[in-house]
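Residues per chain are reported as follows:
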Amino acid sequence: EWLLLDTETTGLVAPIYVVELAAQRMCGWEPVGEPFRKLLNQNQDIPPEAARVHGYTREILERDGEPPQDVYAAFASYAGSRPLVSYHLKYDLDDVLQPEWKRLNVAPIGRSGFCALRLAQRLLDPVSAGNCKLQTLRQYYRLTERGAHTASGDVATVADLLANVLRPIAEQRGLTTWKKVTAYAAQEWYPTRLSFGKFKGQSFWLAQRNNEIRGWLRWLAESDNPRTARMGGWYLRQLDRGTEPEVAAAAMPSQIATQVPGATPAMAGVAVVIYVDPEVGTLRELVAVARARLAGLEAGYTSVKAKVDALQAELFKRLRPHYQKRDRLRLIVNYRKAYWETLLREGEDAAGRVTEEFQHARARNDEDYRQTQATMEGKHPLSASEDGELLKLWKNLVKLYHPDRFATAPEKLETYSKLTSAINQAKDSGDMKTLRLIADDPAGFIMRHGWSALDFAESREAAQLRSLWESLEAEIVAILEGTNQLKESAEYELWLLTKSKREIFELTVVRQTEAIEREVADLRKQAEELARQIEEVGTGKPASIGRKTGSQRFADPTPSDG
């Protein structure tokens, strides 16, 4: 029996306060009994960047939280003497809980177990999902959505990951007891794919037939840095002990095979499919499954991104006069600082050149606003019919993904890069017209641009199909991460809030206007003080914005801001 736990906190900078503590008793690989979950009222402000991730504010915690001593007393009763496991054990236990228990004079609870992240990194190596971020693995393996970025949701997700993805691989490797799993997770280990340097992304096993990579690993082992030397030595020991393992890491859980259109029943009978040298037919099925999933993810991202961008365009339109006034004043302040300092150091002629630089900077700033306005005017939420059309469009567009296929033909590779860029730009801007043109007639789109023709016919060779499947999996990971980043942004949060309460948008406009105007007032004071200083040294510059005083040998190039 052991305990799986997670925390949500005030951030990464000490002192760190826990705002949510969640746990689940486990026996073997399975959850046992009811989970534990408490909010803590620490009487602390929550930094905005932390609140944006987990959603807890001081007001919420004062309303729903409990005193930390009461929470830890209940947690001690729940945990007993069980070993503690989390997905970031060093952070949750060493950096968060133990310092907090010491600060509150709470007796240590439980004992250190293993880090579930290290276990996942080893068992899934080389990681098909691209990385072992919990939310990436949840989405990649299609585990149930449990409430991302809450302690209780993450505990449930880790439990799902252990049972559905990691357990089959662990048992295949003989990790059938607590002692064996704990020792395996604690062993010194480094990823198969080199994570930095000139061979970044390549398997260290290539050093068996590539002396350049082996020499680089020897160079690492001889480093003066103990950590670097230890890593290089570890890689060399693995090479000396044997050959690259035949069995790769988990590729696809049963959820993917059973939920994605186009999957065959044969693909749904196992929890994890292991691939050594797949036949062409199996690879074709994998490619079809990956394309179907990628189409769905791309359609979802495009739809939400268009809505978020449309709201930001509306916000920009409302705030543009205030933004522009503020930025003009920033230019004036920076110009007057540079003018005054140059005047004192180098004289009037040199200061005159600062005036010319300001004129160019002001013109560039005005042009930037014109271009931004033009871009924003093209952003609009997709209509219901466009939203419904997206999946159909992306089913055609993902058929064009053939990375590496044109690597040996520079002209075709250039065309493919341009086509991919056009698709991505249209996706990010919500340009349905361009997406339609490419999806309906990719060859015609390429021809109209005068690019080299491309053949998108499916390959019949296993090696090329494997490469295509791996590329599609990489695209899936990329769009999952892009979607996560979008959903963690302040822009997405505002759109989400305004969906149910339009008045929040108006309130946001008011508050941002007030904040910008406070900055404008401060900039105005700075500009006027600088004008006074310039006037005092006898240049005849204006004493305030928009008002000219004294004898002027140099006209102030800054316009009145009203």
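Residues numbered from 1 in each chain as written. Predicted model: local features only at pLDDT ≥ 70, side-chain atom pairs only at ≥ 80, totals over all residues. Heavy atoms only, no water.

All right, on to the overall build of the protein then. For the protein, the helix and strand inventory stands at 20 helices and 8 strands. Expressed as a percentage of the 562 residues in the protein, the buried residues total 46%. Within the protein, contacts between residues at least 6 apart in sequence are counted, and of these 68% link residues at least 24 apart. (Helix = DSSP H or I, 4+ residues; strand = E, 2+ residues; numbered from the N terminus. Buried < 20%, exposed > 50% of the residue type's maximum accessible area, 1.4 Å probe, protein only. Contact = heavy atoms within 4.5 Å.)

Moving on, we come to the nonpolar core. Membership of the largest hydrophobic core comes to 130 residues, with the highest contact counts inside it found for Tyr72, Phe75, Tyr87, Leu124 and Trp394. In terms of residue count, helix α12 (residues 280-346) provides more of this core than any other element does, 23 residues in total. Of all hydrophobic cores here, the second largest spans 16 residues; its members include Ala207, Trp216, Leu236 and Leu239. (Core = buried A, V, L, I, M, F, W, Y, C linked by side-chain atoms within 4.5 Å.)

So, about unusual backbone geometry. Geometrically, the link from Ala14 to Pro15 is a cis peptide bond, its omega value of 0 degrees lying close to zero. Note on placement: Pro15 falls in the loop between β1 (2-9) and β2 (18-27). In this chain, Asp125 is followed by Pro126 through a cis amide linkage whose omega measures -10 degrees. Look at Asn105: it is not a glycine, yet its phi comes out positive at around 60 degrees. Structurally, Asn105 can be placed in the loop between α4 (89-104) and β6 (111-115). Given the relative accessible area of 73%, Asn105 is considered exposed.

What follows deals with the packing of helix α5 (residues 116-123) against helix α7 (residues 151-172). Relative to each other, α5 and α7 sit at 40 degrees, their axes nearing to 11 Å. Regarding the angle of α5 to α7, the classification is oblique. Classified by chirality, the crossing of α7 by α5 is left-handed. Listed contacts from α7 to Ala116, Leu119, Ala120 and Leu123 of α5 are Val158, Leu162, Leu166, Ile169 and Ala170. (Axes fitted to C-alpha atoms, helices over the stretch in contact; angles between N-to-C directions. Parallel < 35°, antiparallel > 145°, perpendicular 65-115°, else oblique. Left-handed = near helix turned anticlockwise from the far one by under 90°.)

Moving on, we get to the packing of helix α9 (residues 211-221) against helix α10 (residues 226-241). Packing of α9 against α10 brings their axes to within 6 Å, and their N-to-C directions diverge by 135 degrees. Judged by the angle between their axes, α9 and α10 are oblique. In the crossing of α9 with α10, the sense of the turn from one axis to the other is left-handed. Facing α9, whose interface residues are Arg214, Leu217, Arg218, Leu220 and Ala221, α10 presents Thr228, Ala229, Met231, Gly232, Gly233, Tyr235, Leu236, Leu239 and Asp240. Of the residues in the contact of α9 with α10, the class split is 8 nonpolar, 3 polar and 3 charged. (Nonpolar A, V, L, I, M, F, W, Y, C, P; charged D, E, K, R; others polar.)

Another point: the packing of aromatic side chains. According to the stated counting rule, one finds 21 aromatic pairs in the structure shown. Grouping aromatic residues by their ring pairs yields a cluster made of Tyr190, Phe204, Trp205, Trp234 and Tyr235. Stacked on the ring of Tyr78, the Lys or Arg Arg25 has its end atom at 4.2 Å from the ring centre. Positioned over the ring face of Tyr184 is Arg122, at 3.9 Å from the centre of the ring. (Phe/Tyr/Trp six-rings, centres within 6.5 Å; stacked < 30°, edge-to-face > 60°. Lys NZ or Arg CZ within 6 Å of the ring centre and 35° of its normal.)

Between its first and last C-alpha atoms helix α3 (residues 68-79) spans 16 Å; for 12 residues at 1.5 Å apiece the expected length is 16 Å, and the two agree. Residues of α3 that are buried: Pro68, Val71, Tyr72, Phe75, Tyr78 and Ala79. Seen along its axis, α3 keeps its buried residues to an arc of 115 degrees; they face one direction. Considering only its buried residues, α3 is in contact with β1, β2, β4 (36-39) and α4. Positioned one or two residues after α3, Gly80 has a phi angle of 60 degrees, which is positive. (Expected span 1.5 Å × (residues − 1). Arc of directions from axis to C-beta.)

Moving on, we get to the side chain of Glu473. When you line up the elements, Glu473 lands in helix α18 (residues 462-487). Not counting the four nearest positions on each side in its chain, Glu473 is found in contact with Tyr140 and Ala290.

Moving on, we come to the pattern of salt bridges. Evaluation of the coordinates by the stated rule reveals 32 salt bridges. We note a salt bridge from Arg82 to Glu1, for which the minimum N-O separation is 3.2 Å. With Arg82 in the loop between α3 and β5 (83-86) and Glu1 in the segment before β1, the pair connects residues that are 81 residues apart, well separated along the chain. According to the relative accessible area criterion, Arg82 is buried, its value standing at 18%. Across the pair Arg328 and Asp366 runs a salt bridge whose closest N-O atoms are separated by 3.8 Å. Taken as a pair, Arg328 in helix α12 and Asp366 in helix α13 (residues 348-377) lie far apart in primary sequence, 38 residues in all. Owing to a relative accessible area of 18%, Asp366 belongs among the buried residues under this scheme. (Salt bridge = Lys/Arg side-chain N within 4 Å of Asp/Glu carboxyl O.)

Turning our eyes to something else, we now look at the confidence of the model for the protein. Scored by pLDDT, the protein comes out at a mean of 84, with 88% of its residues at no less than 70. Mean pLDDT values over the elements of the protein span from 38, in helix α11 (residues 254-259), up to 97, in β5. The low-confidence segment residues 247-278 (pLDDT under 50) makes 75 contacts with residues lying over four places distant or belonging to another chain. Low pLDDT, under 50, characterises residues 539-562; the predicted model gives this stretch 64 contacts beyond four residues in sequence or across chains. (pLDDT = per-residue confidence, 0-100.)

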